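# Chains, contacts and geometry: an overview
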Amino acid sequence: MEAEAMAVPAQRAQAAVREEAVILFAELRNFTRMSEMLDAARVLAFADQFFDCAARAVDANGGEPMAVHNDSLVAAFRAGGAADQARAAVRAAQQLFGEFDAVAQAWLGEHGLRTAIALGVHRGEAVYGEAGPSGHRNAVVFGDCVSIAERLVHRARAGELVLSDAVMGVVSVAELELDAQPLPPLELHNRPSIRIYGVLRDDRLDFT
């Protein structure tokens with residue numbers, strides 16, 4: 001799997017580091033349909049609402065919003081050890097699910113369009129720092145860990161959090177009140193498959 005880079009404008013110079021962290025992908029579902037039906041200004045305003053909501057949940061739990069990638073926000077949780085990072089990412093996901101409910105209900109009432117979020121969370125090694133053309137350097141995160149987290153969010157159903165075994169293996173299911181169910185493994189080219197787990201928040205959602 002190719003390493004993937006995600007970028008946002010750099011706020012300050014960041015030293016290049018390679019370290020273990022938890023990567024979270026939060027994806028807005030049904031947004032493509034919304035973007036085709038609504039005027040451009042409204043589409044961007046709705047996108048900002050989602051990204052603000054996701055970033056607040058990440059910030060509140062000690063994470064770093066790293067990038068906007070199409071209709072997804074990518075975040076990294078690097079503080080503490082493996083259990084601290086995983087616990088913070090899961091709590092951010094739970095907070096985001098709760099706070100986005102009001103946003104989704106408002107959009108449904110205003111435009112009759114259903115939306116939901118899906119999340120993928122994985123832990124692994126990545127490279128953090130800055131890169132880009134001269135004069136346009138951005139904060140970036142490169143790594144297989146990022147690509148796998150993106151694969152997980154693509155596996156998630158609307159309203160579902162998908163976690164890799166690397167995350168599930170270091171968190172307390174009871175403490176975080178996770179009703180996690182095993183899913184078919186994530187198959188990777190020329191490598192062992194990865195065990196994954198899903199936490200489905202609302203099984204009545206019927207779009208992806």
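What counts as what
Residues numbered from 1 in each chain as written. Predicted model: local features only at pLDDT ≥ 70, side-chain atom pairs only at ≥ 80, totals over all residues. Heavy atoms only, no water. Helix = DSSP H or I, 4+ residues; strand = E, 2+ residues; numbered from the N terminus. Buried < 20%, exposed > 50% of the residue type's maximum accessible area, 1.4 Å probe, protein only. Contact = heavy atoms within 4.5 Å. Pairing = 2+ DSSP bridges. Phe/Tyr/Trp six-rings, centres within 6.5 Å; stacked < 30°, edge-to-face > 60°. Lys NZ or Arg CZ within 6 Å of the ring centre and 35° of its normal. Axes fitted to C-alpha atoms, helices over the stretch in contact; angles between N-to-C directions. Parallel < 35°, antiparallel > 145°, perpendicular 65-115°, else oblique. Left-handed = near helix turned anticlockwise from the far one by under 90°. Nonpolar A, V, L, I, M, F, W, Y, C, P; charged D, E, K, R; others polar.

### Let's talk about the environment of Met168
Here Met168 shows up in helix 5 (residues 165-168). Owing to a relative accessible area of 13%, Met168 belongs among the buried residues under this scheme. Between the alpha carbons of Met168 and Ala83 there is a distance of 9.4 Å; along the sequence they are 85 residues apart. Sequence-distant contacts of Met168, that is, excluding residues within four places in its chain, are made with Leu163, Val173, Leu178, Ala180 and Tyr197.

### Things to note about the pairing of strand 9 (residues 191-200)
Bridging between strand 7 (residues 160-164) and strand 9 involves 5 bridges; their strand directions are antiparallel. Residue pairing across strands places Leu163 opposite Tyr197, the latter belonging to strand 9. Sheet analysis places strand 8 (residues 181-188) next to strand 9, joined by 5 bridges and oriented antiparallel. Looking at the pairing, Leu186 lines up with Ile194 of strand 9. As consecutive antiparallel partners, strand 8 and strand 9 are separated by 2 residues, and within that stretch Asn190 has a phi angle of approximately 60 degrees, a positive value.

### Quick word on the packing of aromatic side chains
Going through the model one piece at a time under the given rule, you end up with 4 aromatic pairs. Ring geometry for Phe50 and Phe100: centres 6.1 Å apart, planes at 85 degrees, overall edge-to-face. Of the two residues, Phe50 sits in helix 2 (residues 40-60) while Phe100 sits in helix 3 (residues 82-111), which places them 50 residues apart along the sequence. Across the pair, Phe100 and Phe50 agree in class, each one buried. Seen in terms of ring centroids, Phe100 and Trp107 are 5.7 Å apart; in terms of plane orientation they differ by 85 degrees. Their pairing is edge-to-face. On the accessibility criterion, Phe100 (2% relative accessible area) is buried. Connected via pairs of aromatic rings, a cluster forms that spans Phe46, Phe50, Phe51, Phe100 and Trp107. The ring of Tyr128 has Arg78 sitting right over it, with the charged end atom 4.2 Å from the ring centre.

### Focus on the packing of helix 2 against helix 3
Two elements in contact, helix 2 and helix 3, have axes separated by 8 Å at closest approach and are oriented at 160 degrees. By the angle between their directions, the pair helix 2 and helix 3 is classed as roughly antiparallel. Along this stretch, helix 2 crosses helix 3, giving a crossing that reads as right-handed. Contacts from Arg42, Phe46, Gln49, Phe50, Cys53, Ala54, Arg56, Ala57, Val58 and Ala60 in helix 2 reach Ala92, Gln95, Leu96, Glu99, Phe100, Val103, Trp107, Glu110 and His111 in helix 3. A breakdown of the residues in the contact of helix 2 with helix 3 according to their chemical character gives 12 nonpolar, 3 polar and 4 charged.

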